[in-house]
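Each chain, written out:
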Amino acid sequence: MTGVRTRFCPSPTGMVHVGLLRTALFNWAHARHTGGAFVFRIEDTDAARDSEESYRHLLDSLRWLGLDWDEGPEVGGPHGPYRQSERSEVYREVAGKLLEAGHLYESFSTNEEVEARRLAAGQDPKLGYDNADRFLTDAQKAAFRAEGREPVLRLRMPDEDLAWTDLVRGEVRFAAGSVPDFVVVRANGAPLYPFVNPVDDALMGITDVLRGEDLLPSTPRQLALYAALQDVGVAAGTPRFGHLPYVTGEGNKKLSKRDPTSNVDAYRERGFLPEGFANYLALLGWSIAEDRDVFSMAEMAAAFDVTRVSANPARFDVKKAEAINAQHVRALPADDYVAAVLPVLAGAGLVADPPTAEQERVLRAIAPMAQERTVVLSDVVGLLGFLFTEDVEVDPAAAAKNLRPEDGEVLAAAAAALRDLPGWSTPAIEQALKDALVEGLGRKPRQAFGPVRVALSGRTVSPPLYESIELLGRERTVRRLEAARELTAS
RNA sequence: GCCCCCAUCGUCUAGCGGUCCAGGACGCCGCCCUUUCAAGGCGGUAGCACGGGUUCGAACCCCGUUGGGGGCACCA
């Protein structure tokens, strides 16, 4: 397959939805896999809801995920402009051609009139427009205009079944007559989405349209429009369509825009890696192999086949997304991990920006042990914070569990063993603590090291103890042990 | 109401007529390793919605039922 051109054409309203980003990802992957082009177009025809901020945010989100576009905003291309708000002339011209060729006609019926006619005929008003204005005479039109009415433009639907072979679902068919003539241009001259979207696709040479399942019922109209567009020489052909399954939330409902778990930013802020998040998104409807589900963007591009996308709706499962992300975090080269984590620590005020040499040394030393405990980047604030503060705030729950009155002796013994330890190294620290606590006090390892861990890190979960102690240094270690000992007394 | 889409473990999926008493992953439950928590290793739990066909043979093909979802704007 060559010459494939896919597109992603969101409207800049509000936040970026995970389902939207999944659609972008699949279009990108399909283009990359086939060696085609990925076009990015902004459908900002709704001035009331669109915002410049949201537009910027859209570009930023695509770039964050690693989706590069060949044509579109900020990169240009031969079919621009790529923002619909700048293409009004184009639509006016195309509508003119279609009207002249008789594919479009002027319609004066109001919704109330249509409904009244349906009711009078004993039909369900839900059926919509009744094609009543199809053959208005010039005299009739003049009469309506004399009343001060301005017409909308409607597309004359063909009297035949509208069917296509969907890339993900196979043949889909709508019976002739089941789709009424639809409005293409408003009375005030403003073109509508069902018109501008195919017009732009045609003009931009789009060959493959991968979009959400919610748009499937509007495909017959697009097909009819395409036929008209070809007739007047605007379109070269009809694109292939592939309708991607819904991304659902809890329950089986389509993931609502109001559901906080649908906002891509939430994942970004928690520190999902772009590759990890893209990997999970790809799993929503696609799989790379029978026994494998962790892969890179490059691997996805190499293997992606739209035809193998599942038609089933997919539930967004945060737990699995985290598990996939954690695998990407663990696979990071150490330097990359440090680089990724530094801004997070700086953002939490734990290290300077840029970090001091000492802070960087500590981070590099603990990184390999922290890495395998990091699911999302923001985890490091809690996991490593104790290494970058003078004193530590002990988590009350951890204290209740491991800083009980009987644990005081452990802390005292640990402090004593470390206060004058010759040689401050991980092995020396390990030996000293084992001697003092396990041998000396006869405590089980669990009973011995639990209190020490809480005293030093403030939590029951931390990187390996001895290494942490070495990095903490003698002074802070002893001070924290003594401070914790006072807590056991209370 | 009308039209359309979907139907394999709790979840995401593999399966494209025999190699499937259905494979992987997440989750969950054990065990091992271990200074904690993870990671890692090993094992376990759990599924072809139902009914008819077609066929020597059906998770896979067809029809129906049921269930779920979506669309029916001068919004995108």
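Residues numbered from 1 in each chain as written. Chains lettered and ligands numbered in written order. Predicted model: local features only at pLDDT ≥ 70, side-chain atom pairs only at ≥ 80, totals over all residues. Heavy atoms only, no water.

Observations regarding the domain arrangement of chain A
Taken domain by domain, chain A comprises domain 1 (85–244), domain 2 (332–382) and domain 3 (390–489). The gap between the C-alpha centroids of domain 2 and domain 3 is 23 Å. Buried surface at the junction of domain 2 and domain 3, both sides included, amounts to about 610 Å², of which 76% is carbon and sulfur. By the criterion of area lost to domain 3, the three top residues of domain 2 are Ile-366, Met-369 and Arg-373, representing 58% of everything that side buries. Run the count over domain 2 and domain 3 and you get zero salt bridges. No other element matches helix H13 (residues 357–371), which puts five residues into the side of domain 2 that touches domain 3. Each residue belonging to the side of domain 2 that touches domain 3 can be placed in one class, and the counts come to four nonpolar, one polar and two charged. (Domains from an automatic or database assignment. Buried area = accessible area lost by both parts, 1.4 Å probe. Salt bridge = Lys/Arg side-chain N within 4 Å of Asp/Glu carboxyl O. Helix = DSSP H or I, 4+ residues; strand = E, 2+ residues; numbered from the N terminus. Nonpolar A, V, L, I, M, F, W, Y, C, P; charged D, E, K, R; others polar.)

Some thoughts on the sheet that holds strand S7 (residues 183–185)
Spatial strand order, S3-S4-S7: three strands in an open sheet with antiparallel pairing. In this open sheet, the two strands that pair with only one neighbour each are strand S3 (104–107) and S7. Strand-to-strand twist in this sheet, taken as the mean axis angle between neighbours without regard to direction, amounts to 50°. Bridge count between S3 and strand S4 (residues 152–155): four bridges; the pairing is antiparallel. Note that in S4 the partner of Ser-107 across the bridge is Val-152. With respect to the sheet, helix H3 (residues 88–100) is in contact with S3, S4 and S7, its orientation differing from that of S3 by roughly 90°. (Pairing = 2+ DSSP bridges. Axes fitted to C-alpha atoms, helices over the stretch in contact; angles between N-to-C directions. Contact = heavy atoms within 4.5 Å.)

Comments concerning the UniProt feature "domain: Aminoacyl-tRNA synthetase class I anticodon-binding" (unreviewed entry) in chain A
According to UniProt, the feature "domain: Aminoacyl-tRNA synthetase class I anticodon-binding" (unreviewed entry) maps to residues 345–484 in the numbering used here. Helix and strand shares over residues 345–484 are 64% and 0% respectively, and the end C-alpha atoms of the span are 25 Å apart. (UniProt positions renumbered as here; feature names shortened; annotations may be inferred.)

Notes on empty space enclosed by the protein
Tallied over the entire structure, the rule returns one cavity of 30 Å³ or more. Roughly 30 Å³ of volume is contained in the largest cavity. Of the residues belonging to the lining of the largest cavity, the class tally is six nonpolar, two polar and one charged. (1 Å grid on protein atoms, 1.4 Å probe; cavity = no way out; pocket = protein on both sides within 12 Å on 5 of 7 lines; lining within 4 Å. Points joined across faces, edges and corners; volume = space filled by probe spheres on them.)

Some thoughts on the layout of surface pockets
Rolling a probe over the atoms, with the probe sized like a water molecule, indicates the empty space that remains. Taken as a whole, the largest pocket encloses approximately 1,300 Å³ of empty space. Forming the walls of the largest pocket are 48 residues, and the residues nearest its centre are Pro-10, Ser-11, Leu-20, Asp-214 and Lys-257. Residue assignment for the lining of the largest pocket shows that the elements contributing at least two residues are strand S1 (5–8), helix H1 (18–34), helix H2 (52–65), H3, helix H6 (193–203) and strand S8 (208–212). Per-element tally for the lining of the largest pocket: the top contributor is H1, with five residues.

Regarding the protein's contact with RNA strand B
Of all residues adjacent to RNA strand B, which total 54 residues, the nearest are Arg-169, Arg-186, Tyr-246, Lys-253 and Glu-372. Backbone atoms, meaning sugar and phosphate, form 72% of the atoms of RNA strand B found within 4 Å of the protein. At 3.3 Å, a backbone N or O of Glu-43 approaches a sugar or linking oxygen of RNA strand B. Note that a sugar or linking oxygen of RNA strand B is positioned 2.8 Å from one of the backbone N or O atoms of Leu-283. Breaking the surface near RNA strand B down by element, the ones donating at least two residues are strand S6 (170–174), strand S11 (314–315), helix H11 (318–330), helix H18 (445–457) and helix H19 (465–472). It is H11 that contributes the most residues to the surface near RNA strand B, four residues altogether. Per-class residue counts for the surface near RNA strand B are 22 nonpolar, eight polar and 24 charged. (Near = heavy atom within 4 Å. Polar contact = N/O pair within 3.5 Å; in protein donor to acceptor, adjacent residues only side chain to side chain.)

What about the environment of Ala-37?
Here Ala-37 is to be found in strand S2 (residues 37–40). Between the C-alpha atom of Ala-37 and that of Val-4, which follows or precedes it by 33 residues, the distance is 6.4 Å. Ignoring any residue separated from it by four or fewer positions in sequence, one finds Ala-37 in contact with Val-4, Arg-5, Thr-6, Ala-31 and Asp-70.

Looking at unusual backbone geometry
Across residues other than glycine, the phi torsion is negative in most instances, and most of the peptide bonds are trans. Look at the link from Gly-80 to Pro-81: it is a cis peptide, with omega at -5°. Here Pro-81 is to be found in the loop between H2 and H3. The omega torsion of the bond from Asp-353 to Pro-354 falls at 0°, within 30 degrees of zero and hence cis. Mapped onto the elements, Pro-354 comes out in the loop between helix H12 (334–347) and H13.

Description of the packing of aromatic side chains
Under the criterion given, the structure shown has 15 aromatic pairs. Where Phe-277 meets Phe-316, the ring centres are 6.4 Å apart and the plane angle is 50°; that geometry is what we call tilted. Of this pair, Phe-277 sits in helix H9 (residues 274–283) while Phe-316 sits in the loop between S11 and H11, placing them 39 residues apart in sequence. On the basis of relative accessibility, which here comes to 7%, the residue Phe-316 falls in the buried class. Taken together, the ring pairs connect Trp-64, Tyr-267, Phe-272, Phe-277, Tyr-280 and Phe-316 into an aromatic cluster. Just above the ring of Tyr-55 sits the side chain of Arg-83; from NZ or CZ to the centre is 3.8 Å. The side chain of Arg-221 reaches across the aromatic face of Phe-182, ending 5.2 Å from its centre. (Phe/Tyr/Trp six-rings, centres within 6.5 Å; stacked < 30°, edge-to-face > 60°. Buried < 20%, exposed > 50% of the residue type's maximum accessible area, 1.4 Å probe, protein only. Lys NZ or Arg CZ within 6 Å of the ring centre and 35° of its normal.)

Describing H13
Side chains three or four residues apart in an α-helix point the same way, a direct result of the helix having 3.6 residues per turn. Taking 1.5 Å per residue as the helical rise, H13 with its 15 residues ought to reach 21 Å, and the 20 Å between its terminal C-alpha atoms agrees with that figure. Largest kink in H13: about 40°, centred on Ala-365, with the proline Pro-368 one to four residues after it. When we look at burial in H13, the residues that qualify are Gln-359, Val-362, Leu-363, Ile-366, Ala-367, Met-369, Ala-370 and Gln-371. If you follow the buried residues of H13, they end up packed against H11, H12, helix H14 (379–384) and H19. (Expected span 1.5 Å × (residues − 1). Bend = angle between axes of the 7 residues up to and from the residue.)

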